[in-house]
Each structure stands twice: as C-alpha cells, then as structure tokens.
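Per-entry structural report
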Amino acid sequence: LRPLRRPRLDARLLAKDLALEKVGRAPKLARGKVSAKIRLTGPVDALEGVAELEAQNLHVAGQRYRQATARVGLLKDRVSVYEAKLVRHGGGQLRVWNDIFLDGRLALSARFRGMPLSAIPGLSGLEVPVSGRVSGDLKLTGSVSDPRAGGRVSLASTKVRGAALG
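What you see is a predicted model, and the numbers here were worked out from it, not measured in a lab.

Cut-offs used in this document
- Numbers given for residues are sequential positions, taken from 1 along each chain in its written order.
- In keeping with the model being predicted, local features are shown solely for residues with a pLDDT of at least 70 and side-chain atom pairs are shown and tallied solely at 80 or more, while totals for entire chains, interfaces and linings include all residues.
- Hydrogen atoms and water are omitted, and side-chain values are computed over all heavy atoms in the structure.
- Note on definitions: salt bridges are taken to be side-chain nitrogens of Lys or Arg within 4 Å of carboxyl oxygens of Asp or Glu.
- What counts as a helix is a DSSP run of H or I of at least four residues, what counts as a strand is a run of E of at least two, and both are numbered from the N terminus.
- When a residue's accessible area, from a 1.4 Å probe over protein chains only, is under 20% of the maximum for its type it is buried; when over 50% it is exposed; and in between it is partly exposed.
- When two rings of Phe, Tyr or Trp (its six-membered ring) have centres within 6.5 Å they constitute a pair, described as stacked for plane angles under 30 degrees, edge-to-face for angles over 60, and tilted for the intermediate range.
- Lysine NZ or arginine CZ positioned within 6 Å of the ring centre and within 35 degrees of the ring normal marks a charge as sitting over the ring.
- Pairing between two strands is assigned when DSSP locates at least 2 bridges connecting them.
- Contacts are assigned to residue pairs that have any heavy atoms within 4.5 Å of one another.
- For the purposes of this section, nonpolar cores are sets of buried Ala, Val, Leu, Ile, Met, Phe, Trp, Tyr and Cys residues that join through side-chain atoms within 4.5 Å.

Here we look at the pattern of salt bridges
Summed over all chains, the structure comprises 10 salt bridges. Salt-bridge contacts for Asp137 lead to Arg113; the nearest nitrogen and oxygen are separated by 3.4 Å. Remark: Arg113 occurs in strand β7 (residues 106-116) and Asp137 occurs in strand β8 (residues 130-142); sequence separation between them is 24 residues. Given the relative accessible area of 22%, Asp137 is considered partly exposed. With relative accessibility at 34%, the residue Arg113 sits in the partly exposed group. In this structure, a network of salt bridges that share partners links the residues Asp77, Arg78 and Asp99.

Written as structure tokens, this is what we have:
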C-alpha cells in the first residue's frame, strides 16, 4: 500500500443539543442548544460540504428566538448561506441568504418583518422611549470588519416619547 497523492474525505457529522454556552466565544454572543448535520467531501486540503443547523431556545444579544434554522454550503472560497431564519419570541422574523467569503468580503441579503424596535441593539438603551416595529430588505456588503448596509426599511406603529410618528 502507498499513500494517496491527495487524500480524500467523505464524512458525515451529527451533533445533537450542543450547548452554545460551552463552545469557545459563544457565551458572549449566544446561548441555547444547537443540533447540526454536516457533510464534508473532497480532498482534505479543499473540503466542501453542507451544514444544516437548528437551535432551540436561542438567545442572541439579549433577544430570544423560538425558531432558528440555517442551511449553509461550505465552499472553496466562501460560506454560502442558502437560508437562515430566526423567528423571535414576541414577534418578528429575520431571513438571511447569500455569501460570506473566506477573505472577509460580505455579499449577504437580509429580510426582516415585524421586528420590534426594542430588538435592535442600541435602541433599547436610549434615554428617549421608542416603540414600534420595523421591516425591510437589506444588502450587506463590504467586509466582516467594515460592513456596509443598504436597502429599504419601513416603520409601523412607531412612537417616540409616546407620540405617534407618521
């Protein structure tokens, strides 16, 4: 027997109810339990694959989500988000798709519907009380270290200091 010139791998991984609080930096970002199905194939130095993730009782940045699912492709030069969906307790939904390149570039799309303004980081801590819901479609470009957002955002039932806007 002699070693393969370019060893190949075909692996299927299954994780069930993995506690995010016990994984690396996750306690600072998120907590909850995640399950995953991952398939990796190809040469060991150029693996590609697909991961399907599902989280229960997910908490991210102080917000609680009743449903969190994602299907992503692990490609040569990027992580391709086929679809990621978060459904928030108390209303609101976020969907994300497209690509995050391994060199740090972003080419993501996001659609959010009926998210409470209180769910947006930074708004809940304002001295002026703000309430209402926000929906929109955004393109996230730039890089992970310098992200840019552009698109359309609309507000509904919005109040500042108890006074209705619009």
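Next comes the rest of the account.
Concerning the packing of aromatic side chains
Evaluated as defined, the whole model comprises zero aromatic pairs. The lysine or arginine in question, Arg105, covers the ring of Phe101, its NZ or CZ lying 4.0 Å from the ring centre.

Some words on unusual backbone geometry
The phi dihedral of Ser157 falls on the positive side, at around 50°, and the residue is not glycine. Among the structural elements, Ser157 can be located in strand β9 (residues 147-160). Relative accessible area serves as the criterion here: at 66%, Ser157 is assigned to the exposed category. A positive phi angle, close to 55°, is found at Arg161, a residue other than glycine. For Arg161, the position within the fold is in the loop between β9 and β10 (163-164). The exposed category is assigned to Arg161, whose relative accessible area is 63%.

Describing the sheet that holds strand β1 (residues 8-19)
With antiparallel pairing, 10 strands are arranged side by side in an open sheet as β1-β2-β3-β4-β5-β6-β7-β8-β9-β10. This sheet does not close on itself; its edge strands, each paired only once, are β1 and β10. Bridge analysis of β7 against β8 gives seven bridges, and the strand direction is antiparallel. The residue bridging Met115 from the neighbouring strand is Val134, located in β8.

Overview of the environment of Tyr65
For Tyr65, the position within the fold is in strand β4 (residues 63-74). Taking the C-alpha atoms as reference points, Tyr65 and Leu29, 36 residues apart in sequence, are found 14 Å from one another. Setting aside residues no more than four positions away along its own chain, Tyr65 makes contact with Asn57, Leu58, Val60, Leu86, Val87, Arg88, His89 and Met115.

Thoughts on the pairing of strand β3 (residues 48-60)
Two strands pair when backbone bridges link them, and strand β2 (residues 30-43) and β3 are joined in this way by 11 bridges, in the antiparallel orientation. Residue Ala30 lies in a different strand from β3, and its bridge partner there is Val60. Taking the residues between adjacent antiparallel strands as the criterion, β2 and β3 are bridged by four residues.

A closer look at the nonpolar core
In this structure, Leu20, Ala30, Val34, Ala55, Leu58, Tyr65, Ala68, Phe112, Met115, Leu117, Ala119 and Val134 together form the largest nonpolar core, which totals 12 residues. Of all elements in the fold, only β2, β3, β4 and β7 reach the threshold of two or more residues within this core. Beyond its immediate sequence surroundings of up to four residues, Met115 is in contact with Tyr65, Arg88, Gly92, Gln93, Gly132, Arg133 and Val134. Ranked by size, the runner-up nonpolar core spans nine residues in total, among them Ala70, Val81, Val96 and Leu106.

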